[in-house]
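# Architecture and fold: a report
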Amino acid sequence: MAREQNGTERPRWIAHFDMDCFFAAVEQRDNEAYRGRPVIVGGLSARGVVSTASYEARRFGVHSAMPMETARRRCPNGIFLPPDFARYSAASRQIFALMERFSPRIEPLSIDEGFLDLTGMEGLMESLPAYGRRIKDAVHDATGLVASVGIAPNKFLAKLASDLEKPDGLTILRPGDIPRVVWPLPVSRLWGVGQKTGDRLRALRFCTIGDVAAADPAALAARLGKRLASHLYELANGRDDRPVEPVAEAKSIGREITFERDVKSREEAEAQLLYLAGQVGWRLRRAGKRARTIQLKIRLQDFSTYTRRKTLPEDTCYDEEIYETARELFRAFPLPPGAGIRLLGISGSGFDGPGTLSLFRDVPKKDRLYAAIDGLKKRFGEDVVRRGGAGPASPP
Ligand SMILES: [Mg+2]
């Protein structure tokens, strides 16, 4: 519910759009010979992973995040392609630009999906299904690609809805539909329930979303912890207050890298952190933001993932302060002997400090230096200016 100034609440309507098999669909659109055939896009190296599989490939049991070796075994006659991000980004930009016709508030979730806040626009549309249809038609007419769209009173339900009738789906979920449509779905469809939480819930005999919705909240909290329990209980009952947040209002700005080969030494890892800090600093400055909290993310070769964060005495958008904080967090992290690092990430958050009001206050010299660096980066690309020692990073 959105709160009006007089304190009353009006229903929200949020659309979620998600392109069907985006990368594979772009390939099939651009190459006639690929149409109707199993197309698998992803890393083709020994360690590669499937990014997207066309529906033809999914019939062979190929799906995203699967090791490429497995995909090749399951679908030996498939068309295997490395991702061509330039073409996918061009299509993505075109799609997001179109979405601006349909809502003033758009939150991108990834290259091919996002939320549109439709609250208060009911007067502009003949009906929600007709509006959803117009969104889909606009995407198809302009790009030749197919989007699935869900429209519902909140983000969780809208995202769920866009997936219900994929491919080429259009689903409107109204509050009254929740018991019939949402409750029979498995708990894994709740936002934030991965393998581990899913196993835990099933062990407690919560198998469907309806099971969670009907639980006694106190008993659920005793078993799952207060925070997770209330998060899941609210979602299961179709409640989710999170607003649609346009990108300029993003809560964090960050960058991460998955390495082609696991990073084995601390030295090499710190060189990567220096590189990442430069990227994050630039992105912060470009967005006109200063971060109060710096977060480090580490994923080891066994996919275990850790985050460490530090809140600074003063917010920052400077590469070296971001780097020093990330390095300090990294040095305090007990790396198991012989462990390989698969991914490193740095992000900054906490933008609402007083510093955001005056971006470049009381450090004019430093700001001139950064203005010069950023000018170079803008002219020659993000990677041209690296600070000493920042090692080459593999592409994200
Ligand atoms: Mg998609």
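Cut-off values and rules
Residues numbered from 1 in each chain as written. Predicted model: local features only at pLDDT ≥ 70, side-chain atom pairs only at ≥ 80, totals over all residues. Heavy atoms only, no water. Helix = DSSP H or I, 4+ residues; strand = E, 2+ residues; numbered from the N terminus. Buried < 20%, exposed > 50% of the residue type's maximum accessible area, 1.4 Å probe, protein only. Contact = heavy atoms within 4.5 Å. Pairing = 2+ DSSP bridges. Arc of directions from axis to C-beta. Expected span 1.5 Å × (residues − 1). Core = buried A, V, L, I, M, F, W, Y, C linked by side-chain atoms within 4.5 Å. Phe/Tyr/Trp six-rings, centres within 6.5 Å; stacked < 30°, edge-to-face > 60°. Lys NZ or Arg CZ within 6 Å of the ring centre and 35° of its normal. Salt bridge = Lys/Arg side-chain N within 4 Å of Asp/Glu carboxyl O.

Time to look at the overall build of the protein chain. Secondary structure assignment for the protein chain yields 14 helices and 14 strands. When each of the 396 residues of the protein chain is scored for burial, the buried share is 48%. Looking at the protein chain alone, contacts between residues at least 24 apart form 65% of all its contacts between residues at least 6 apart.

Every second residue of strand β4 (residues 39-42) is oriented toward a common face, with Val 39 and Val 41 on one face and Ile 40 and Gly 42 on the other, all of them buried. Note that β4 and strand β6 (residues 79-81) share three bridges and pair parallel. Bridge pairing links Val 41 to Leu 81 in β6. As paired strands, β4 and strand β5 (residues 50-53) are joined by three bridges and run antiparallel to one another. For Gly 42, the partnering residue across the bridge sits in β5 and is Val 50.

This part takes up helix α8 (residues 195-203). Every buried residue belonging to α8 is among Thr 197, Gly 198 and Leu 201, and all of these are buried. Here the buried residues of α8 occupy an arc of 100° about the axis, which is enough to place them on one side. Facing away from the buried side of α8 by more than 90 degrees, the exposed set consists of Gln 195, Lys 196 and Ala 203. On its buried face, α8 sits against α10 (217-224) and α11 (226-236). In the segment just after α8, Arg 205 is the residue with positive phi, at about 70°.

Bringing helix α4 (residues 85-99) into the picture now. Its 15 residues place the ends of α4 21 Å apart at the C-alpha level, agreeing with the 21 Å of an ideal helix rising 1.5 Å per residue. Among the residues making up α4, those that are buried are Tyr 88, Ala 91, Ser 92, Ile 95, Phe 96, Leu 98 and Met 99. Buried residues of α4 fall within an arc of 150° about the axis and therefore sit on the same side. Counted as exposed and oriented over 90 degrees from the buried face of α4: Ala 86 and Arg 93. On its buried face, α4 sits against β3 (14-19), α1 (22-30), β4, β7 (106-110), β8 (113-117) and α5 (128-143).

Below, the discussion takes up the nonpolar core. In this structure, Phe 22, Ile 95, Met 99, Leu 116, Leu 118, Leu 145 and Ile 151 are the most contacted members of the largest nonpolar core, which totals 38 residues. Take this core: its biggest share by element is six residues, from α4. Apart from residues lying up to four places away in sequence, Ile 95 is in contact with Phe 17, Met 19, Phe 22, Val 139, Thr 143 and Leu 145.

Tallied over the entire structure, the rule returns nine aromatic pairs. On the numbers, 5.7 Å between centres and 90° between planes, the contact of Phe 23 with Phe 85 is edge-to-face. Separated by 62 residues along the polypeptide, Phe 23 in helix α1 and Phe 85 in helix α4 bring together distant segments of the chain. Residue Phe 23 is classed as buried on the basis of its relative accessible area, which comes to 10%. The exposure class assigned to Phe 85 is partly exposed, which follows from its relative accessible area of 43%. Ring plane angle 55° and centroid distance 6.2 Å describe the contact between Phe 115 and Trp 191, whose orientation is recorded as tilted. Separated by 76 residues along the polypeptide, Phe 115 in strand β8 and Trp 191 in the loop between α7 (178-182) and α8 bring together distant segments of the chain. A relative accessible area of 26% places Trp 191 in the partly exposed class. Through successive ring pairs, a cluster of aromatic residues spans Phe 22, Phe 23, Phe 85 and Tyr 88. The ring of Tyr 55 carries Arg 58 above its face, with NZ or CZ at 4.7 Å from the centroid. Its end group placed over the ring of Phe 80, Arg 72 keeps NZ or CZ at 4.6 Å from the ring centre.

Moving on to the environment of His 140. By the secondary structure assignment, His 140 is in helix α5. The spatial distance from the C-alpha of His 140 to the C-alpha of Ile 95 is 9.5 Å, given a sequence separation of 45 residues.

Right, let's get into the pattern of salt bridges. Evaluation of the coordinates by the stated rule reveals 21 salt bridges. The closest approach of N and O atoms between Arg 47 and Asp 262, which form a salt bridge, is 3.5 Å. Here the residue Arg 47 occupies a position in the loop between β4 and β5, and Asp 262 occupies one in strand β11 (residues 252-263), the gap between them amounting to 215 residues. Arg 242 is the partner of Asp 240 in a salt bridge, and the nearest nitrogen-oxygen pair spans 2.8 Å.

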